[in-house]
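Commentary on secondary and tertiary structure
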Amino acid sequence: MDFIPIYILVLAFTIVVDYFAGILIEKSSGAKRKWYLRMSIVANVGILAFFKYFNFVNDNITFVLKLFDFTNPVTDLSFILPIGLSFHTFQAMSYTIEVSRGNQKAERNFGIYALYVMFYPQLVAGPIERPQNIINQFYEPKKFDYDRVVAGLKIVLWGFFKKLIVADRLSIYVNAVYNNPYHHSGKTLFLATIFFWLQIYCDFSGYSDIAIGSAKVMGYDLMENFRRPILGKSVAEKWNRWHISLYTWFKDYVFAPLSKKARRNKTKLLGLVVFIFLLSGIWHGANWTFVFWGIFSGLSIVAERLYKEKVKPQKYISKTWMTILGTIISFLVCSLSCLFFRALSVKDALHIGKAIATMKKGALFKGSPPINFYYFIIVAILLLTVELFQEYLPKVKVIGNKNVVIRYTGYVIVIMLILMIGVFNGSQFIYFQF
Amino acid sequence: MTKEEIKHVSKFFKKFFILLAVLFVLDRIIGTLLENAYQNAPQGDIKVFAHSITNPAEDIFIYGSSRAVHGYDTRIFTDSLALSCFNSGRENSNILYHATILKEMLKKHKPKIVVLDVSAKELTWRAAENSKAVLASMILPYVRKDTSFANIARQLFPEELMKAEVSKIYPYNSLVLSLAVGKHKFDKEEIYNGYVPIHGHKVKGKVPSFTDENDKTDPFTKSNFEEFVKTAKENNVKLYVIQSPIYVKKFKTSISLDTMKSILSRYNEPFWDYSFDTAFYKRDLFYDNLHLNSVGAELFTRQLASDIKADIEKNDPSILQHPNKAN
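Because the structure is predicted, anything quoted here is derived from the model rather than measured.

Residue and element names in this part refer to chain B. For the structure on display, the rule yields 26 salt bridges over all chains. Note that Asp-311 is salt-bridged to Lys-238, the shortest N-O span being 4.0 Å. Of the two residues, Asp-311 is situated in helix H13 (residues 294–315) and Lys-238 in strand S4 (residues 238–243); the sequence distance between them amounts to 73 residues. Owing to a relative accessible area of 17%, Asp-311 belongs among the buried residues under this scheme. Residue classification places Lys-238 among the partly exposed residues on the basis of a relative accessible area of 21%. Here Glu-298 and Arg-302 are joined by a salt bridge, their closest N and O atoms 3.4 Å apart. With Glu-298 and Arg-302 both in helix H13 and 4 residues apart, the pair spans about one turn of that helix.

What follows is the structure, given as structure tokens:
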């Protein structure tokens with residue numbers, strides 16, 4: 001990660017364009033209003049496409065031309081992707097869309113609008129905010145509120161727990177296996193894939209917690225971004241609880257308008273679900289692995305829905321078993337979809353998928369030294385235990401307990417655990433790259 | 001600021017300082033417990049490291065990564081050369097780690113022979129990064145007591161040193177399980193003066209290619225390799241730099257290997273390459289593609305000990321006389 005001052009201009013461009021677009025959209029009506037909105041979207045998507053997808057598209061054109069013995073005269077551009085580009089571009093777009101829908105007044109104060117796009121806790125990796133939720137808060141006077149500050153710090157502490165203890169610990173195993181997938185057995189690859197799903201969840205939701213908690217300390221409420229997705233009872237529910245700000249963005253601004261046209265046509269609606277996940281995959285990165293991840297995830301939701309409609313398993317299984325089996329099966333499906341997310345190439349992903357499906361023979365890799373393997377198991381169990389309590393026994397609280405002794409014991413345990421088994425290798429948050 | 005806000009701020013800082021005080025006390029108590037456990041560690045990496053730098057006494061010291069740990073049987077060296085031997089190898093380490101502990105050892109003890117096992121990517125930045133982390137985990141517990149370790153940490157990983165100075169627990173980060181349960185109980189390892197045999201073999205399928213052989217060398221790592229050679233030379237310690245057998249697709253050389261050979265030739269020190277020696281290039285002798293199993297290690301160590309003996313008898317027979325009393 002480098003600091004390149006000139007990249008501030010990218011952010012400045014987005015802010016200026018959307019600031020004026022918002023005002024023009026509000027002032028105009030009819031076709032003109034739509035035209036201003038389209039111009040703003042083209043500008044935002046254009047920047048995103050240029051920085052994020054130019055080389056990907058160009059590489060694929062080169063590949064296709066090569067098949068016909070042609071050379072591509074256009075060479076790849078050499079630049080680094082501005083940090084958080086996908087996040088603040090989407091946040092900026094949600095502003096102009098909401099203004100055009102009449103849900104948000106155009107912001108006249110340039111500083112406030114710039115703050116909306118650049119609000120630092122969530123600038124680089126979300127949550128992708130909506131203007132209705134945050135802009136008004138910038139006008140409210142802030143004062144030091146003990147309860148609020150403490151509540152914010154608790155969220156931050158939990159975020160650090162997820163990042164330093166779970167995500168960065170599991171990344172040691174995942175990196176060792178996924179960077180060398182051809183040397184590992186089916187069970188090792190399977191375990192690494194499960195660990196990766198937990199890693200990426202804790203990495204990203206850990207960041208979101210730190211962002212939400214920091215904002216809360218300063219007096220701002222950001223939207224919820226994760227709701228214990230690993231405990232979702234179905235694939236669809238898991239994704240509904242995952243990166244909520246992105247999926248509601250797609251739902252509100254892409255799915256909703258398109259589904260109006262597809263109303264009553266089930267095939268089209270299901271196709272739209274796959275399309276939304278495909279877009280989500282492309283949003284994540286310019287790589288075929290993300291495209292496959294998106295398609296796989298979308299198709300798994302469609303398959304789940306069709307299965308539930310045709311077979312109606314709830315007729316044969318009790319609600320409790322539906323919950324248990326649904327949680328476990330969807331956990332495995334989502335983990336396997338993340339195989340595409342983590343693999344370095346489609347070839348690697350297919351190899352890993354095949355090795356898992358055929359349970360390629362070999363010993364279980366435990367890492368070096370082998371005793372460290374137990375840390376992976378411990379942190380995974382710790383995470384699942386806490387999440388199970390939060391989900392099913394929300395009244396049982398430790399750092400949120402009213403009893404001061406239990407509460408302080410909770411703080412101390414989390415901080416001591418961070419010191420004792422946290423990983424302090426300075427690794428970046430995975431979602432910074434998006 | 002209103003009166004109410006002042007009340008909130010003072011309440012917050014009062015509780016915050018209480019929490020800090022509790023954390024400070026617990027950090028000291030748990031840190032001290034971990035420190036004691038560390039000093040009395042049963043065996044394994046911690047014990048090997050501690051022996052290498054605090055009470056080294058053997059005639060021969062082996063340095064290297066996991067390939068050294070599992071590939072050089074100290075008992076065979078002792079049997080063949082009638083010299084005591086200790087294997088100071090460490091998983092995931094590279095020359096950065098070895099150069100540091102060699103210097104520390106020489107402050108206390110001068111062995112007769114040092115054997116350094118290297119890999120074809122010994123000097124790459126990737127290896128350096130791993131080694132730095134391993135070195136940090138090993139020396140941070142010593143930085144409060146030993147200024148030379150504090151200086152090494154200051155030079156190589158100042159941020160880690162700062163954390164270790166603030167928290168007494170932090171130097172034992174990720175060592176808690178090893179210390180609490182005892183590494184031997186978990187790993188069921190046999191350890192013979194640092195040598196850890198691994199049994200059986202899991203080499204299956206096609207012989208894979210070696211990766212990263214074209215990685216560029218890291219200048220800092222390169223200078224550490226030179227420092228290692230120079231230190232051994234200046235202390236009149238007989239040095240053997242070895243590339244032990246591997247079971248991957250044959251390749252001629254690597255950037256790291258060429259660089260090391262060029263440095264060694266400047267110091268007139270030998271480089272013995274057994275990587276694709278036909279005597280050992282057999283699937284059954286390997287645990288995995290990079291590590292000899294116990295059978296392979298025995299065969300290889302016998303050959304190496306015999307070659308060293310022949311070399312010493314020819315060039316410096318005095319080494320085989322007056323062995324140290326260790327073992």
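With that settled, consider the packing of helix H4 (residues 110–118) of chain A against helix H6 (residues 131–139) of chain A. All names here are of chain A. Axis separation between H4 and H6 bottoms out at 10 Å; the angle between their running directions is 130°. Relative to H6, the element H4 lies oblique. H4 and H6 meet at a crossing whose hand is right-handed. Residue-level inspection shows Ile-112, Leu-115 and Tyr-116 of H4 in contact with H6, the latter providing Pro-131, Ile-134, Ile-135, Phe-138 and Tyr-139.

All names here are of chain B. Strand order in the open sheet made by the 5 strands is S2-S1-S3-S4-S5, with parallel pairing throughout. The open sheet has two edge strands, strand S2 (85–87) and strand S5 (271–273), and neither has a second partner. Adjacent strand axes in the sheet meet at a mean angle of 20°, parallel and antiparallel pairs treated alike. Across 3 bridges, S4 lies against S5 in parallel orientation. Looking at S5, one finds that Val-241 is bridged to Phe-271. The strands touched by helix H11 (residues 219–234) are strand S1 (60–63), strand S3 (113–117) and S4; relative to S4, the strand with the most contacts, the crossing angle is about 145°.

Moving on: helix H2 (residues 30–67) of chain A. Quick reminder: α-helices carry 3.6 residues per turn. Residues three or four places apart thus point the same way. Spanning 38 residues, H2(A) covers only 47 Å between terminal C-alpha atoms, well under the ideal 56 Å at 1.5 Å per step. Phi turns positive, to about 65°, at Asp69(A), one or two residues after H2(A).

Here is what the cut-offs are and how they apply
- Residues numbered from 1 in each chain as written.
- Chains lettered and ligands numbered in written order.
- Predicted model: local features only at pLDDT ≥ 70, side-chain atom pairs only at ≥ 80, totals over all residues.
- Heavy atoms only, no water.
- Salt bridge = Lys/Arg side-chain N within 4 Å of Asp/Glu carboxyl O.
- Helix = DSSP H or I, 4+ residues; strand = E, 2+ residues; numbered from the N terminus.
- Buried < 20%, exposed > 50% of the residue type's maximum accessible area, 1.4 Å probe, protein only.
- Axes fitted to C-alpha atoms, helices over the stretch in contact; angles between N-to-C directions.
- Parallel < 35°, antiparallel > 145°, perpendicular 65-115°, else oblique.
- Left-handed = near helix turned anticlockwise from the far one by under 90°.
- Contact = heavy atoms within 4.5 Å.
- Pairing = 2+ DSSP bridges.
- Expected span 1.5 Å × (residues − 1).

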